[in-house]
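Letter by letter, the chains look like this.
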Amino acid sequence: MDNKRNEKILRFIKEREFLFIDKFEKTEKYSKIQGKVYEFLNSNQQHLIDLYFLEGNKIEIKKSQMKQKLKHTIDRIEVSDAILNYDYKYSDLDILSGDIKSISKSIKCIFRHLKYFELNSSQTFQNKDQIKETLKIAYKNLSHLISYIFCTDEELLKHEENYEALIDNELFLEKILTIKSAKDIIKTKIRLEKDIEEKQAEYAREKIKQDLIKMEDLKNPINEYKEARKMYRHFIIHSGQTNTGKTYDAICDLKKSNTGAYLAPLRLLAIEIQDELNSKGVPCNLLTGEEEILIENANHIASTVEKVCLNENYEVCVIDECQMINDSARGGAWTRAILGVKAKTIHLCTSPSAIEILKSLIDLCGDTYEVIKHERTTPLLIDNKPFNSLRDVNKGDALVVFSKKDVIRVSAILKSNGHKCSIIYGSLPYETRKKQFKLFLEKKTDILVSTDAISMGVNLPIKRVVFMKHSKFDGTTRRNLKSEEVKQIAGRAGRRGLYEKGYVNSLNSINFINEKLNKPYKNIEIAYLSIPESLVNIEDDFKNTLVAWKEVKPTLGFEKCSIERQLYLIDRLKNIDGLDYFDLKRNHVFKLCNMYFDEKDDSVLELWEDYIKRYFIELEDEVLKPNKTSFSQDLKGLESYYKAIELYYTFARAFYSECDIEWVRKEKYCVAEEINEHLLSDLKIYIKRCTSCNDILPWDCENEVCTKCLFKEYSNSLSSSIRISLR
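From a predicted model like this one, the values you see are computed outputs, not experimental measurements.

### Some remarks on the overall build of the chain
- Counting its regular elements, the chain contains 29 helices and 18 strands.
- Among the 727 residues that make up the chain, the fraction classed as buried is 51%.
- In the chain, 72% of the contacts between residues at least 6 apart in sequence involve partners at least 24 apart.
- For the chain, the computed accessible surface area is about 36700 Å², with 48% contributed by carbon and sulfur atoms.

Here it is in structure tokens:
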């Protein structure tokens, strides 16, 4: 297209300042434009765009009035049912003044999904080619439609053959978007596009909600587990504080059974029970998100609660730490196990706070129950001796902080003072954690420094629990410890059979801890529900399905689990270069966004994305083992590499037929050894020192200099100020 014609078009648009914005009051002209648009659309007879006109001055858009005037053109599409059944969002497609690229993208989006159209014999069009040809015509004439929207000048309409070239001219588009009269459109372009996307998603979710409400198993969660509803199940609820023998009594019954399952909150507990059963001559398998160990002739299994097998029949099942049913992230796994496990006798080990909610669940299922209350045989007492600093530690103490950084700092200072410490924190590999526990159990270390990771775990010879802090960061905000948390952690003191009494102390907050310990248990009122796998049967973007599921209110007494992690991982999926998210099967999306790995570790998250590229884009027939040299060899790097090994195992088991399990075991063992060596020898580098005098700073000091140097600097500064003022 020559420059003169370009200039002429620009002049024309400048003079009229976008008819759709400034001259909309002229009903006659509006009708003329509307008529021409419909003339174009009717010429193809298949109306694939629900066209809304913009009304008002500048950016003030009043669509509601126009919706009453214009019928949805989509209603007149002979094949509308087929399209709506697949992806109804196209029935709500907007065309915006000034947004050429958005229109083009929308039409292309329809093309991209052509391959998914499934038409049955009852519809007018019997094959995809007919629809495809119709859409090609619409796309070919897209420039004509844009012309009608932007202006109606007869002179411009004579040169229709040049419009397609005009659209492809990026420089010309930029000039149009810089016209003064279009500035308001430019300013709101991004916002409008986002509004359309949100509106389409909202429309989609509303339809999904209607489908979800009709699903019987979602109306009442107990209906999802039809096989369990056919059984007679008897529950034994073991209620009590920590260290009262709840789990011990339940495991005794498990050992006597012919078939059984133990469901643990942590892999370490599952391993402990597996070892216990195997050592007593009861062959037991292990199944967790990170590994599977099969024992010959085993009729028992110890697993994490998320890995419960609802297809197997058991004589006895033990579900541990059932108060976790109220956890927004993992609680759904406990609800699922309680409602769906097929066992004649089910032991539920819990704190007193969950008794009533567990009774309610059992009543809903139509099963029977009995409650056994367990009491501590070793009293838990407040230690009246002042605890003012790390110099006040004793052998058998467990010092509790709430971050890995604080665990390392406290341990480093204690070791520099001649103490031998075992170290426990959440991201520590299980093999390393087990080695650290063993050192404390065998009294090769005399102090345990830990996060609240010890609140659920193996019983340790702890005489006194000392809270070094009374607040924690819970992933969203820093808050004070809850009564339930204090009781769970403090209850680790005074192991039954080893100590006659257990003690609790605190650094500068003993009154707070005492108050929380004596506070009555508050009944849990909500049981969380996990994401049902049946959602993959709903034909829509799985993200829309998830959000819709979350928004549908469940039966009274239930709450939907958090879906933040799943939504985050789906967004990461959508942004992977070269991956067409809409080409993925919904069950694959479900697997990927629920896969067990640490997405907060950047290197592990990148590996997850790399595995997805290799499997779905490059179509590789085996998963690549992580390369140790890609990770730093310090403590943080080794921990990340360990997580990468676990991701290799998890991804391979989910999508590939083979996995080098022997390599996984050996490599994890070697890395755990290296991490353990770091914890035993290299902690001095984590000691924080004053940048002025090089003295050791307190473990919780956030300043770079010690109090003495700070006071000295302040005194010098004050003296200088006095001398200056006296001159």
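Past the structure itself, the notes keep going.
### Description of the packing of helix 23 (residues 542–551) against helix 24 (residues 564–574)
- Relative orientation of the contacting elements helix 23 and helix 24 amounts to 165°, with a least axis distance of 10 Å. With respect to helix 24, the element helix 23 is oriented roughly antiparallel. Both helix 23 and helix 24 take part in a crossing whose hand is left-handed. Every residue of helix 24 that contacts helix 23 at Phe 542, Lys 543, Leu 546 and Val 547 is listed here: Gln 566, Leu 567, Ile 570, Asp 571 and Lys 574.
- Across the contact of helix 23 with helix 24, the residue classes break down as 5 nonpolar, 1 polar and 3 charged.

### So, the confidence of the model for the chain
- Residue-level pLDDT values for the chain average 76, and 70% of them are 70 or greater.
- This model gives residues 5–128 a pLDDT under 50, and the stretch forms 226 contacts once residues within four places in sequence are excluded.
- Taken as a whole, residues 138–190 scores under 50 in pLDDT and shows 92 contacts with residues more than four places along the chain or in a different chain.

### Notes on the packing of helix 27 (residues 635–655) against helix 28 (residues 661–681)
- Between helix 27 and helix 28, the least distance of the axes is 10 Å, while the angle of their chain directions is 160°. Our classification of the angle between helix 27 and helix 28 gives roughly antiparallel. Crossing of helix 27 against helix 28: the hand is left-handed. Where helix 27 abuts helix 28, its residues Leu 635, Leu 638, Glu 639, Tyr 641, Tyr 642, Ile 645, Glu 646, Tyr 648, Tyr 649 and Arg 653 lie against Ile 661, Trp 663, Val 664, Glu 667, Lys 668, Val 671, Ala 672, Glu 674, Ile 675, His 678 and Leu 679.

### Looking at unusual backbone geometry
- Notably, Glu 321 is not glycine yet its phi reads approximately 55°, a positive angle.
- Note that Glu 321 resides in the loop between strand 6 (313–319) and helix 17 (331–340).
- For Asn 694, which is not glycine, the phi dihedral falls at a positive 70°.
- Residue Asn 694 is classed as partly exposed on the basis of its relative accessible area, which comes to 47%.

### Describing the pattern of salt bridges
- All chains considered together, the criterion is met by 32 salt bridges.
- One salt bridge in this structure joins Lys 469 and Asp 406, with 3.1 Å as the shortest N-O distance. Taken together, the residues span a long stretch of sequence, with Lys 469 in the loop between strand 13 (464–467) and strand 14 (471–473) and Asp 406 in helix 19 (residues 404–416) at a distance of 63 residues.
- Looking at Lys 469, the relative accessible area reads 24%, which means it is partly exposed.
- Looking at Asp 406, the relative accessible area reads 5%, which means it is buried.
- With a shortest N-O distance of 2.7 Å, Asp 660 and Lys 625 are connected by a salt bridge. Of this pair, Asp 660 sits in the loop between helix 27 and helix 28 while Lys 625 sits in the loop between helix 26 (602–617) and helix 27, and the two are 35 residues apart along the sequence.
- On the accessibility criterion, Asp 660 (29% relative accessible area) is partly exposed.

### Points about the sheet that holds strand 8 (residues 368–373)
- With mixed pairing, 8 strands are arranged side by side in an open sheet as 4-3-5-2-6-7-1-8. A strand with exactly one partner marks an edge of an open sheet, and here the two such strands are strand 4 (292–293) and strand 8.
- Those strands touched by helix 15 (residues 246–256) are strand 1 (234–239), strand 2 (260–264), strand 5 (300–304), strand 6 and strand 7 (342–350), and its axis lies near 165° from that of strand 7.

### A closer look at the environment of Ile 685
- One can find Ile 685 in the loop between helix 28 and helix 29 (707–726).
- According to the relative accessible area criterion, Ile 685 is exposed, its value standing at 67%.

### Side note on the sheet that holds strand 12 (residues 447–450)
- The strand order across the open sheet formed by 6 strands is 9-16-13-10-12-11, and the pairing between neighbours is parallel. Of all strands in the sheet, those with a lone pairing partner are strand 9 (380–382) and strand 11 (421–424), marking the two edges. Between one strand axis and the next, the sheet turns through 20° on average, direction left out of account.
- Taken together, the 4 bridges between strand 10 (residues 397–400) and strand 12 define a ladder with parallel strand orientation.

### Remarks on the state of the cysteines
- Applying the stated criterion across every chain, the model contains 0 disulfides.
- Considering cysteine sulfurs only, Cys 709 is the nearest to Cys 706, which forms no disulfide, with 3.5 Å between them.

### Re helix 25 (residues 586–593)
- The complete set of buried residues in helix 25 reads His 588, Val 589, Phe 590, Leu 592 and Cys 593.
- Against helix 23, helix 24, helix 26 and helix 27 lie the buried residues of helix 25.

### Some points on the pairing of strand 3 (residues 284–287)
- With 4 bridges connecting them, strand 3 and strand 5 associate as parallel partners. Of the residues in strand 5, the one forming a bridge with Cys 284 is His 300.
- Of the strand pairs in this sheet, strand 3 and strand 4 are connected by 2 bridges, and their pairing is antiparallel. Residue Leu 287 lies in a different strand from strand 4, and its bridge partner there is Glu 292.
- Remark: 4 residues form the turn of the hairpin made by strand 3 and strand 4, two consecutive strands paired antiparallel.

### Some words on helix 17
- Burial of helix 17 is extensive: 9 of the 10 residues sit out of reach of the surface.
- Along helix 17, the residues classified as buried are Gly 331, Gly 332, Ala 333, Trp 334, Thr 335, Ala 337, Ile 338, Leu 339 and Gly 340.

### Side note on the packing of aromatic side chains
- Applying the stated criterion across every chain, the model contains 12 aromatic pairs.
- Taken together, a centroid distance of 5.3 Å and an interplanar angle of 25° make the contact between Phe 597 and Trp 608 stacked. Of the two residues, Phe 597 is situated in the loop between helix 25 and helix 26 and Trp 608 in helix 26; the sequence distance between them amounts to 11 residues.
- Take Trp 608: its relative accessible area is 0%, and that puts it in the buried class.
- With a centroid separation of 5.6 Å and 80° between ring planes, the pair formed by Phe 616 and Phe 655 is classed as edge-to-face. Of this pair, Phe 616 sits in helix 26 while Phe 655 is found in helix 27, placing the two residues 39 residues apart along the sequence.
- Looking at Phe 655, the relative accessible area reads 10%, which means it is buried.
- Through a chain of ring-to-ring contacts, the aromatic side chains of Tyr 611, Tyr 615, Phe 616, Phe 651, Phe 655 and Tyr 656 assemble into a single cluster.
- In this arrangement the basic side chain of Lys 560 is found over the ring face of Trp 549, its NZ or CZ atom lying 4.5 Å from the centre.
- A cation sits over an aromatic face here: Arg 565 above Phe 597, 5.2 Å from the ring centre.

Rules of the game
- Residues numbered from 1 in each chain as written.
- Predicted model: local features only at pLDDT ≥ 70, side-chain atom pairs only at ≥ 80, totals over all residues.
- Heavy atoms only, no water.
- Helix = DSSP H or I, 4+ residues; strand = E, 2+ residues; numbered from the N terminus.
- Buried < 20%, exposed > 50% of the residue type's maximum accessible area, 1.4 Å probe, protein only.
- Contact = heavy atoms within 4.5 Å.
- Areas by Shrake-Rupley, 256 points an atom, 1.4 Å probe, with all protein chains shown as cover.
- Axes fitted to C-alpha atoms, helices over the stretch in contact; angles between N-to-C directions.
- Parallel < 35°, antiparallel > 145°, perpendicular 65-115°, else oblique.
- Left-handed = near helix turned anticlockwise from the far one by under 90°.
- Nonpolar A, V, L, I, M, F, W, Y, C, P; charged D, E, K, R; others polar.
- pLDDT = per-residue confidence, 0-100.
- Salt bridge = Lys/Arg side-chain N within 4 Å of Asp/Glu carboxyl O.
- Pairing = 2+ DSSP bridges.
- Disulfide = S-S within 2.5 Å.
- Phe/Tyr/Trp six-rings, centres within 6.5 Å; stacked < 30°, edge-to-face > 60°.
- Lys NZ or Arg CZ within 6 Å of the ring centre and 35° of its normal.

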